[in-house]
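The chain contents come next:
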Amino acid sequence: MAKRYQAAGHQGERDWPTPKESVACQRCGKGTFATIMSYFNTESICLGCEKEEQASPRYEEAKRAENEAVRQGNYNFKGIG
Ligand SMILES: [Zn+2]
C-alpha cells in the first residue's frame, strides 16, 4: 500500500521525497507537506484528517473495502464514502 503515500514521515511505510511546497488538503484546505489518499473517498488529505478517519467507527470497514478492491486490481476504487 506504499503507493498511497506521497510524502515521507508515516511510520511503517517507505519514504517518499517531501515536496518543496505545501499542497492544500482536499478536505480541510490547510497546507500540508504530506498527504495521503483517504480510505473513504479519493481525496488527498493531510495527516490531521487521516487521524480523524482513523477515529471513525467505519475506518476498518473502509480500509477493508479499499484493500479488497486493490487485491482485485481495482486501483481506482472510489471508497465507501
Ligand atoms: Zn486536512
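Overview of the structure. (Residues numbered from 1 in each chain as written. Predicted model: local features only at pLDDT ≥ 70, side-chain atom pairs only at ≥ 80, totals over all residues.)

## Considerations on the environment of lysine 78
Along the chain, the position of lysine 78 falls in the segment after helix H2 (59-71). Classification of lysine 78 as exposed rests on a count of 12 C-beta atoms within 10 Å. As for lysine 78 and glutamate 43, which are separated by 35 residues in sequence, their C-alpha atoms are 9.4 Å apart. Beyond its immediate stretch of four places on either side in the chain, lysine 78 contacts Asn41 and Thr42. (Helix = DSSP H or I, 4+ residues; strand = E, 2+ residues; numbered from the N terminus. Buried ≥ 20, exposed ≤ 12 C-beta atoms within 10 Å, placed from the backbone. Contact = placed C-beta atoms within 7 Å.)

## Examining the environment of leucine 47
Here leucine 47 is to be found in helix H1 (residues 47-55). Measuring from C-alpha to C-alpha, the distance between leucine 47 and isoleucine 36 comes to 7.1 Å, with 11 residues separating the pair along the chain. Once residues lying within four places of it in the same chain are set aside, the contact partners of leucine 47 are Ala34 and Ile36.

What is shown is where atoms sit, not what they do.
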